[in-house]
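# Analysis of the macromolecular model
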Amino acid sequence: MRRPILLDQGGHVDDLLSTLLLWLSPEVELQAVGVTNAGCYADLAYETTLKMATYLNLEGPEIAVSNEEVPNPFPVNWRDDSVVINELPLFEDIALKRRYQTERPRRSDIVFSDCLKASRVPVTIVATAPLTNLAKVFRQNPELEEKVKEIYIMGGALKVEGNVELDETDGSAEWNTYADPYSFKAILNSKIPIKLHSLDLTNNLPVTEDFLKRLEEQSVKSKASKLASRLWQLVSGKGFQYYFWDTSTAAAIIEPSLFKYKTVKIDVTTDGVSRGKVSTGLFGHKVQLASSVEKSSVENLILSIFSMV
Ligand SMILES: [Ca+2]
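Residues numbered from 1 in each chain as written. Predicted model: local features only at pLDDT ≥ 70, side-chain atom pairs only at ≥ 80, totals over all residues.

### Quick look at the overall build of the protein chain
- Helices and strands together make up the secondary structure of the protein chain, namely 13 helices and nine strands.
- Relative to the 2.2 N^0.38 estimate, which gives 19 Å for 309 residues, the radius of gyration of the protein chain is 18 Å and therefore close to what a compact globule would have.
- Taking all 309 residues of the protein chain together, the buried fraction comes to 48%. (Helix = DSSP H or I, 4+ residues; strand = E, 2+ residues; numbered from the N terminus. Rg over C-alpha atoms; globule rule 2.2 N^0.38 Å. Buried ≥ 20, exposed ≤ 12 C-beta atoms within 10 Å, placed from the backbone.)

### Some points on the sheet that holds strand β6 (residues 194-197)
- The sheet built from nine strands is open, its strands ordered β3-β2-β1-β4-β5-β6-β9-β7-β8 with mixed pairing. Of all strands in the sheet, those bounded by a partner on one side alone are β3 (62-65) and β8 (278-280). The sheet shows a mean angle of 30 degrees between the axes of neighbouring strands, direction not considered.
- In this sheet, strand β5 (residues 148-154) lies alongside strand β4 (residues 123-127) in parallel orientation, the contact comprising five bridges. The residue of β5 that forms the bridge with Thr124 is Glu150.
- Contacts between helix α1 (residues 13-24) and the sheet are confined to β1 (3-9), β2 (28-35) and β4, with β1 contributing the most and set at about 170 degrees to the helix. (Pairing = 2+ DSSP bridges. Axes fitted to C-alpha atoms, helices over the stretch in contact; angles between N-to-C directions. Contact = placed C-beta atoms within 7 Å.)

### Considering the nonpolar core
- If you look at the biggest cluster of nonpolar residues, it comprises 90 residues, and the most contacted ones within it are Leu22, Val126, Ala127 and Ala228.
- Setting aside residues up to four positions removed in sequence, Leu22 forms contacts with Ile5, Leu7, Val28, Leu30, Val126, Ala250 and Ile253. (Core = buried A, V, L, I, M, F, W, Y, C linked by C-beta atoms within 7 Å.)

### Some words on helix α8 (residues 181-188)
- For α8, the full list of buried residues reads Pro181, Ser183, Phe184, Ile187 and Leu188. Viewed end-on, α8 has its buried residues packed into an arc of 165 degrees, placing them on one side of the element.
- In this structure, the buried side of α8 is in contact with α6 (132-140), β5, α7 (175-179), β6, β7 (259-268) and β9 (285-293). (Arc of directions from axis to C-beta.)

### Structural notes on the packing of α6 against α8
- Packing of α6 against α8 brings their axes to within 8 Å, and their N-to-C directions diverge by 45 degrees. Classified by the angle their axes make, α6 and α8 are oblique. Once α6 is placed against α8, the crossing between them reads as left-handed. Residues Thr132, Leu134, Ala135 and Arg139 of α6 lie in contact with α8, whose contacting residues are Ser183, Ala186 and Ile187.
- For the contact of α6 with α8, the class distribution of residues is four nonpolar, two polar and one charged. (Parallel < 35°, antiparallel > 145°, perpendicular 65-115°, else oblique. Left-handed = near helix turned anticlockwise from the far one by under 90°. Nonpolar A, V, L, I, M, F, W, Y, C, P; charged D, E, K, R; others polar.)

### Notes on the pairing of β3
- As paired elements, β2 and β3 share four bridges and run parallel to each other. Bridge assignment links Gly34 to a residue of β3, and that residue is Ala64.
- Crossover connection from β2 via helix α2 (residues 42-55) to parallel β3: handedness right-handed. (Right-handed = clockwise from strand over helix to strand, strands pointing away.)

### Notes on α6
- Judged by how many residues are buried, α6 sits mostly within the fold: seven of nine residues are covered.
- Of all the positions in α6, only Thr132, Asn133, Leu134, Ala135, Lys136, Val137 and Phe138 are classed as buried.
- At its buried positions, α6 is contacted by β1, β2, α5 (108-118), β4 and α8.

### Some points on the pairing of β5
- In terms of burial, β5 is a largely internal element, five of the seven residues being buried.
- Traced from β4 through α6 to β5, the parallel crossover comes out right-handed.
- Summarising the sheet, β5 and β6 pair through four bridges and their orientation is parallel. Residue Ile153 lies in a different strand from β6, and its bridge partner there is Leu196.

### Considerations on the environment of Asn86
- Locating Asn86 in the fold gives a position in helix α4 (residues 81-86).
- Judged by local crowding, Asn86 falls into the partly exposed class, with 19 C-beta atoms found within 10 Å.
- Taking the C-alpha atoms as reference points, Asn86 and Thr49, 37 residues apart in sequence, are found 8.8 Å from one another.
- When neighbours within four sequence positions are excluded, Asn86 is seen to be in contact with Leu44, Glu47 and Thr48.

### Quick notes on the packing of α1 against helix α12 (residues 245-254)
- α12 packs onto α1 with a crossing angle of 20 degrees between their chain directions and a minimal axis gap of 7 Å. Judged by the angle between their axes, α1 and α12 are roughly parallel. Every pair of crossing elements has a handedness; the one defined by α1 and α12 is right-handed. Facing α1, whose interface residues are Asp14, Asp15, Leu17, Ser18, Leu21 and Leu22, α12 presents Trp245, Asp246, Thr247, Thr249, Ala250, Ala251, Ile253 and Ile254.
- Among the residues making up the contact of α1 with α12, the classes are represented as eight nonpolar, three polar and three charged.

### What to know about unusual backbone geometry
- With a phi close to 55 degrees, Asn57 is a non-glycine residue in the positive phi region.
- Position of Asn57 relative to the elements: it lies in the loop between α2 and β3.
- For Gln101, which is not glycine, the phi dihedral falls at a positive 60 degrees.
- The class for Gln101 is partly exposed, based on 15 C-beta atoms found within 10 Å.

See below:
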């Protein structure tokens with residue numbers, strides 16, 4: 001049986017492509033996708049998610065959205081990328097097609113709760129965005145924690161620098177944990193087993209020109225590869241290094257054997273200049289921290305999944 005998956009994603013290129021990887025993978029059954037106000041405007045990223053599905057003639061998960069703002073929002077210039085992404089020239093192909101999901105979207109936390117309530121087997125959750133909406137699910141329905149097999153979280157920076165570079169912070173936090181440290185803490189406090197994919201791992205996984213070249217080569221025969229190639233091109237080679245942050249986390253769900261984990265105890269700082277900082281400590285909460293992976297195996301998995309459509 002395919003493993004049931006719920007995904008809450010943050011609407012940027014990396015999130016959209018992770019959505020696609022989980023959707024296309026024969027190993028898992030993506031049951032629902034939530035779009036969260038992270039490095040995007042959720043309404044626009046929701047539209048983009050539908051456009052991707054329409055473009056590729058996909059069927060499957062319910063797409064949900066949450067318009068709630070996170071406590072510490074992402075920079076406006078990243079969120080503005082939503083406009084460009086949503087107007088990708090390649091989407092002109094779908095003008096005459098019936099769009100994926102024509103009715104108004106339901107709220108993410110409601111859809112996730114419904115899926116968990118209905119599932120007869122434990123469900124795996126993936127978060128490539130701040131945990132605002134997922135924390136809400138378990139705050140309102142704590143009994144649903146037992147329906148979760150585990151949660152994979154892309155977030156945190158333990159032994160490496162963070163990536164939040166704002167004047168009012170000290171640079172120790174990663175964006176997803178910074179954006180909503182309270183919800184991250186709430187999930188840490190829950191009974192749900194956690195697999196954490198932090199910058200400590202993803203710093204070793206840059207999206208390289210060589211990888212993009214291979215993707216472009218296979219896009220002659222593959223629409224998903226073409227879409228992925230166009231999306232990554234939007235964010236690559238602008239003096240900003242893009243990484244397989246969310247996409248490698250998706251790869252870990254699809255092919256768990258590629259990754260090694262170690263048990264660590266962690267906590268998160270919720271306030272002050274270090275808010276969002278994740279640190280290890282004796283009195284922390286036990287999580288499985290993704291500690292190593294062969295970069296080429298992640299790249300090959302991503303290329304092979306995109307090549308299927
Ligand atoms: Ca993300």
